[in-house]
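# Observations on the three-dimensional arrangement
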Amino acid sequence: MGTAAMLRAAGVGAGDEVVVPAFGNVEVAEAVTQAGALPVFADIDPASYCLDASAVEAATTARTASIVVVHRFGRRADIARLHQLGQRHGLLVLEQGESEAPYDEMAQRRERAAYLDAKLKGVRTPDGGPGHTYQQYVVRVPGNGRPDRDAFARALRAKGIDCRVPVKTPVHRLSEFRRCVTLPETERAADETLALPVDASLTKREMQRIVSACNALGGLLQPAF
């Protein structure tokens, strides 16, 4: 059952608000509108890229009926705190996650992520956290008054590294969902994040090429974070 159907089945609809992340796919907000409710955007935790429980609480009003939690990049949200919040306010808490890779592939992704953690310089490597499966290996390329992340990505692609910006535009910036809301961590993550290859199929030589290409671009970055 999809998110819109689950909301409708729980009686969520016209006049209700549903707290959702703006950092991610537009489909979550669209599902809320399909159920007849209003999506309300809350900020993310900068380490997990998932909804921050304190931000969700701040976004909760008397009209809030539900929270849709999205686990991001293989890292889980602080679901215990979010369920506690839901129980305290009488809210339906729904979870969305990425499809799980087979155990062997997951172990190989973790090995490659550990290699990148140890070798990369000049970027902020992911906060692994408990149970991180590295569906994506997302680093931060902090800005310095210039589009450093974008310049970094272009330079990597020129060297044959298949990197990508995981969230190009947060949902609250899209015309159909534009909101006058302050989401500093969401904005920062959208401007700084870059997903590097961490597929189980990558060879040691390919991993070394990724590291060499990234580390050679340190001059594009501000010297200290």
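A quick note: this is a predicted structure, and the numbers were derived from the prediction, not measured.

This part is about the sheet that holds strand β1 (residues 17-21). Pairing in this open sheet of four strands is parallel, and the strands run β2-β1-β3-β4 from one edge to the other. With partners counted over all chains shown, the strands left at the sheet margins are β2 (38-42) and β4 (92-96), one partner each. Averaged over all neighbouring strand pairs, the angle between strand axes comes to 25°, with direction disregarded. Examined bridge by bridge, strand β3 (residues 64-70) and β4 share five bridges and lie parallel to one another. Paired with V68 across the strands is L94, a residue of β4. Here helix α2 (residues 27-34) sits on the sheet in contact with β1, β2, β3 and β4, set at roughly 145° to β2.

For helix α7 (residues 184-192), the complete set of buried residues consists of T186, A189, A190 and E192. Next to the buried residues of α7 lie β2, β5 (137-140), α6 (148-158) and β6 (193-196).

Quick look at the packing of aromatic side chains now. The final tally for this structure, using the stated rule, is five aromatic pairs. Between F23 and Y49, the aromatic rings sit 5.7 Å apart at their centres with planes inclined by 25°, giving stacked as the arrangement. Placement of the pair is F23 in the loop between β1 and α2 and Y49 in the loop between β2 and α3 (53-59), with a sequence separation of 26 residues. In this structure F23 comes out as buried when scored by relative accessible area, which is 0%. Judged by relative accessible area, Y49 falls into the buried class, the value being 8%. Summarising the aromatic geometry, the rings of F41 and F177 are spaced 6.5 Å apart at their centres and angled 90° between planes, so their arrangement reads as edge-to-face.

Turning our attention to the environment of A113. Positionally, A113 belongs in helix α5 (residues 103-119). By relative accessible area, which is 0% here, A113 ends up buried. A C-alpha to C-alpha distance of 9.7 Å links A113 and L196, two positions 83 residues apart in sequence. Ignoring sequence-local partners within four residues, the contact set of A113 consists of Y134, Y137 and V198.

As a further point, take α6. Taken together, the buried positions of α6 are occupied by D148, R149, F152, A153, A155 and L156. Around the axis of α6, the buried residues are gathered within 165° of arc, so they sit on the same side. Every exposed residue of α6 that faces more than 90 degrees away from the buried side is listed here: R154 and A158. Looking at the packing, one finds that the buried side of α6 touches α7, β6 and α8 (204-215).

Procedures and definitions
Residues numbered from 1 in each chain as written. Predicted model: local features only at pLDDT ≥ 70, side-chain atom pairs only at ≥ 80, totals over all residues. Heavy atoms only, no water. Pairing = 2+ DSSP bridges. Helix = DSSP H or I, 4+ residues; strand = E, 2+ residues; numbered from the N terminus. Axes fitted to C-alpha atoms, helices over the stretch in contact; angles between N-to-C directions. Contact = heavy atoms within 4.5 Å. Buried < 20%, exposed > 50% of the residue type's maximum accessible area, 1.4 Å probe, protein only. Phe/Tyr/Trp six-rings, centres within 6.5 Å; stacked < 30°, edge-to-face > 60°. Arc of directions from axis to C-beta.

Purely spatial values, then, with no claim about function.
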